[in-house]
Amino acid sequence: MTAAKLAKTLNLSRTTVSLVLNGRAERYGLARETVDRVLSGARKLNYQPDPIARQLAGMRSNVVGLLISGAYVVDPRLLEKMEVYAAKKQLRFIICHAIGDVGRVREYLQDFRARRVDAVISIHHNRPISRGSVFEELKKLDKVVYFEKPSGQIRNSWHVDLDYFEMGRIAAQHLIDRGCRRIGLIGLDEKMYPILRRRREGYSQALREAALPHGRDLIWQIDQQRSLRWNEPPDEAEAVAIIEELVVRQKVDGIFAANDLYAARLMTALRRIGRRVPDDVAVIGADNMDISTLVEPRITTVDLAINELAEATIQLLFEMLDPTATGAQKSARGIVVKPKLVIRESA
C-alpha cells in the first residue's frame with residue numbers, strides 16, 4: 001500500500017493524504033474529520049511508509065534518532081511520552097543507548113546518518129564523562145534538539161530545559177511557608193549531574209531570602225556510586241546515616257529529598273526513631289513517582305512536568321523539520337518548562 005493508493009482508496013487528493021501523514025494537516029487548516037479519515041484509513045489498510053523510497057523522492061524519512069546514555073538512566077516516562085507525541089506527528093524513533101567510549105557513540109551517530117534520520121534528539125551530551133567528545137560528534141549533524149541546554153560548546157542550540165532552579169526554590173519555599181526553620185537538602189552528585197547545581201541554588205536562595213541557615217552542614221550530597229542509581233531507594237543503613245546527620249545532629253525540621261524514593265525511605269527511618277512526618281520533620285520528594293501516593297503519609301513532591309517536557313521537545317523538533325516555517329520560526333531557540341509542586345500530607 002502506497003500513499004497514492006491510499007489517497008485513491010479514500011477518494012482524496014495525494015496532497016491531502018501526504019499533509020496528514022507528514023503531520024502538517026493543522027498548519028494547512030485541514031478539517032479534523034479529514035485528518036481522522038486519513039489516519040483511520042491508513043491503520044485499516046496497514047499503510048507503512050517506505051523510508052528509503054521517501055528519501056529517494058526527496059522527502060523526509062519521518063525517522064528521528066534518539067541518543068540516550070546507557071550509564072545515566074533517563075526517566076522512562078519521558079521517553080514514553082516523547083514517543084506518544086512523536087507518533088501524533090507521524091515521527092518514529094530509533095533509540096540508541098550510548099554505552100562505552102566516544103568511539104561507540106561515533107558509531108551510533110554514523111548509523112543515524114546512514115539511515116538518513118531527519119534529526120537527532122540528544123539526552124546524552126551534558127554528562128561530564130562524555131561531554132567534550134560527544135559535542136564534537138553532535139556538531140557534525142545538521143539538526144539536533146538537545147534535552148537540557150548544552151554547555152557553551154554549542155551556541156544557538158535548539159533545546160528544552162526543566163527549570164531546576166525553580167524546582168529547588170519552590171520546594172524550600174513550601175517548607176518555609178509551613179513553618180520549617182532548619183531545612184536540609186539531599187542531592188545527587190553534581191559532578192555527575194551538573195544541572196542539579198541549579199536546584200541547590202534555588203533551595204539556597206529561598207533560605208537566604210527568609211534569613212534562614214543554608215550552610216553545607218544542612219546538605220547531604222549522595223556519592224557518585226549511589227547517584228548513578230538515582231532510581232533505586234537508599235538502603236536502610238544509608239537512610240539511617242542521613243537521618244542521624246540531618247535530623248539528630250543538625251536538628252532539621254524539613255527535608256527536600258533527592259527524589260520520592262529517598263523521601264519514602266527517609267520517612268520510614270524517621271518513624272523508627274519516633275519522629276512524626278510532617279509534625280516533627282516535613283519531607284518533600286521530587287519527580288512525582290508512583291510511590292509518592294503508595295506510602296503513608298502521601299509524599300508532597302515536585303512534579304517534573306513530564307508531559308510538558310515531552311510535548312515541548314517534539315514540538316520543537318517538528319518546527320525544526322518543517323520546511324514551510326519562516327526564517328524567524330526556524331531560528332534556534334530554547335524552551336524552559338516550569339516544575340509544579342504537588343502538595344500532599346508529608347509536608
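Everything numeric here is computed off the predicted structure, so don't read it as measured data. (Residues numbered from 1 in each chain as written. Predicted model: local features only at pLDDT ≥ 70, side-chain atom pairs only at ≥ 80, totals over all residues. Heavy atoms only, no water.)

Engineer: Which residues make up the sheet that holds strand E10 (residues 300–303), and what values do they have?
Structural biologist: In space, the six strands of this open sheet follow the order E7-E6-E8-E9-E10-E12, with mixed pairing throughout. Edge positions in the sheet fall to strand E7 (219–221) and strand E12 (340–342), since each has one partner strand and no second. Averaged over all neighbouring strand pairs, the angle between strand axes comes to 20°, with direction disregarded. By the bridge criterion, three bridges tie strand E6 (residues 183–187) to strand E8 (residues 254–256) in an arrangement that is parallel. When the bridges of E8 are listed, Leu185 appears paired with Phe256. (Pairing = 2+ DSSP bridges. Helix = DSSP H or I, 4+ residues; strand = E, 2+ residues; numbered from the N terminus. Axes fitted to C-alpha atoms, helices over the stretch in contact; angles between N-to-C directions.)

Engineer: I'd love a proper account of empty space enclosed by the protein, names of residues and values included.
Structural biologist: Scanning the model with the defined rule gives two cavities of 30 Å³ or more in all. Roughly 50 Å³ of internal volume is contained in the second largest cavity. Leu185, Gly187, Leu188, Glu190, Leu196, Arg199, Arg200 and Gln221 are the residues that line the second largest cavity. Among the secondary structure elements, those contributing two or more residues to the lining of the second largest cavity are E6 and helix H9 (196–209). Of the residues forming the lining of the second largest cavity, the biggest block, three residues, is contributed by H9. (1 Å grid on protein atoms, 1.4 Å probe; cavity = no way out; pocket = protein on both sides within 12 Å on 5 of 7 lines; lining within 4 Å. Points joined across faces, edges and corners; volume = space filled by probe spheres on them.)

Engineer: Can you lay out the side chain of Asp75 for me, pointing to particular residues and giving the numbers?
Structural biologist: Along the chain, the position of Asp75 falls in the loop between strand E1 (63–69) and helix H5 (76–88). For Asp75, the side chain forms a polar contact with the side chain of Arg77, separated by 2.7 Å. With near-sequence residues (within four places) excluded, Asp75 lies in contact with Trp230 and Ile306. (Polar contact = N/O pair within 3.5 Å; in protein donor to acceptor, adjacent residues only side chain to side chain. Contact = heavy atoms within 4.5 Å.)

Engineer: I'd love a proper account of the confidence of the model for the protein chain, names of residues and values included.
Structural biologist: Across the protein chain, the average pLDDT comes to 83, with 84% of residues at 70 or higher. Here residues 51–58 is modelled with pLDDT under 50, and outside its nearest four sequence neighbours on either side it reaches eleven contacts, counting other chains as well. (pLDDT = per-residue confidence, 0-100.)

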